[in-house]
Structure formats: structure tokens, C-alpha cells
Amino acid sequence: YLFVLFIARGQQYRLNLSKEHEKKLVELQLKSIKNQIDPHFTLNVLNAIGSLYSEEGNREKADYIFGKYAKLIRQTVISSDKVISTIEEELDFVRNFLEIERFRNNNSFDYKIEIRDGSDIKTKIPRMLIHTFVENAIKYGIRNRAGGGILQIIIDRTGNIQTIIIENNGPFIENDNPLLTGTGKGLQILNELIGLFQKLENVRISYEVSKVINERTDNQTTKATIKIPVVT
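Residues numbered from 1 in each chain as written. Predicted model: local features only at pLDDT ≥ 70, side-chain atom pairs only at ≥ 80, totals over all residues. Heavy atoms only, no water.

Structural notes on unusual backbone geometry
- In this structure, Asn107 is a non-glycine residue whose phi angle is positive, near 55 degrees.
- Summarising the element assignment, Asn107 is placed in the loop between α4 (87-104) and β2 (109-115).
- Accessibility expressed as a relative area gives 43% for Asn107, which makes it partly exposed.
- One non-glycine residue, Met128, lies in the positive phi region at around 75 degrees.
- Relative to the assigned elements, Met128 resides in the loop between β3 (124-126) and α5 (129-140).
- When its relative accessible area of 0% is taken as the criterion, Met128 is described as buried. (Helix = DSSP H or I, 4+ residues; strand = E, 2+ residues; numbered from the N terminus. Buried < 20%, exposed > 50% of the residue type's maximum accessible area, 1.4 Å probe, protein only.)

Thoughts on the packing of α5 against helix α7 (residues 185-201)
- Where α5 contacts α7, the axes come no closer than 10 Å and their chain directions differ by 160 degrees. It follows from the interaxial angle that α5 and α7 lie roughly antiparallel. Relative to α7, the crossing made by α5 is left-handed. Of α7, the residues touching α5 (which contributes Leu129, Thr132, Phe133 and Asn136) are Gly186, Leu187, Leu190 and Ile194. (Axes fitted to C-alpha atoms, helices over the stretch in contact; angles between N-to-C directions. Parallel < 35°, antiparallel > 145°, perpendicular 65-115°, else oblique. Left-handed = near helix turned anticlockwise from the far one by under 90°. Contact = heavy atoms within 4.5 Å.)

A closer look at the packing of aromatic side chains
- Enumeration over the complete set of coordinates arrives at 1 aromatic pair.
- The interplanar angle of 70 degrees and the centroid separation of 5.1 Å between the aromatic rings of Phe133 and Tyr207 together place this pair among those described as edge-to-face. Taken as a pair, Phe133 in helix α5 and Tyr207 in strand β6 (residues 206-213) lie far apart in primary sequence, 74 residues in all.
- Of the residues examined, Tyr207 reaches a relative accessible area of 26% and is grouped as partly exposed. (Phe/Tyr/Trp six-rings, centres within 6.5 Å; stacked < 30°, edge-to-face > 60°.)

Dropping the structure here:
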């Protein structure tokens, strides 16, 4: 009797744990969708596109931006049931997002995506891993710069560690910067996704945000370094 009771309780525990994971999965799916396409972002983009369409000479530009926005929405809908993505899928989303952000910010910044030899863009990662740091780099860095902003994304691999670097040359703000304190809504959701990703894939992802000073020019940049162990 005790043996049967022990087995039954073990099965019930695993069932409850599975239900908790499923519930957490659904909650994070909804959170990530809402945070990826913020209502204010959508409203601003649509208003800006509408203004372009009302001006005869800007129809072509309006079509281009609307096309990028449509791809952004399509990618969000297609991946709405996922909390796991790949580096390749994230970069596709981020490219469209950056084109729209450049438009919204009057082309006040440029961006570059570099995929170095040996990198594996099919590597699984939590959804929003790259997007969250890119969005924060624009919001807390580049937008606070008068012009000439540069955002760089580097995908690299050394040994069994896949590295993603997101760097921007906006002003480095130490106090109350969500990039450094981890208090931003996007980072909080991302941290939950990283925790769930570790449980599902048994891969522990780490990240660090730091200030980089160029000794020759004395310029400062903000650099986010994400490290992903490669499971072989």
C-alpha cells in the first residue's frame, strides 16, 4: 500500500509540475507578444505611415515602411505560440524592427549586423533575446544622442560558447538605467524566458551589460554581451 501510494504521489507531483510549466509557458507567450508589439509603438507607426501616404511625394517610402511593419506583425503572429526561437529568426525580426525605428527617429542612427565565421545562426535561443537588448539600446542610448548613432550586432563563436554582442554609442547613463539594473519590463520578461528556456533545453544563458571606453577618443559605448553554451 505504501509503495503504491508513493508511486501515485510521484505521478501527481509530476502532473502538477507539468501543468505549472504549461501555465507559465502560456503566460510568457502572451507577455512576449504584448511586449514585442507595444500598442504605443503600433499607433505611432501607423500614424507616421498615414502621414506619409497623405503626401504625394512620399508614397514609395510609405509602402516600404508599411511592408516592414507588415512583416513584423506576420512574424509575431506566426511565432505567437513559441517561447523558443533561433538566432536567425530573431535577426530577421530585428532587421525589420530597426528599419522602422530608423524611420521613426528620422534616420538619426545606422546599424550593422555582423555574422562571423564559425557562428551557428540556427542555435536555439529564448524569444526576444536579441530584440530586448536592441530595443533598450535605442530607447536608453541612441535616442539620447543628437545624431550619428550607431548600433552594432555581432554574432560570434569561440569554442563551445556562442556569443551575441549588441553595442551602441549613445550616452551611457548609470543611474536608473534598466539595462544595468534589470528593472525594465522587457528585461524582466526576458529573464523569465531565460529561466524557462534553461528548464526546457538544459542550457544556461548569461548576459552582461558594460560600459566601454575608447582610450584614443575617450568615447563611451554601452555593450551587452550574451553567452550561450552550445550543446553538442
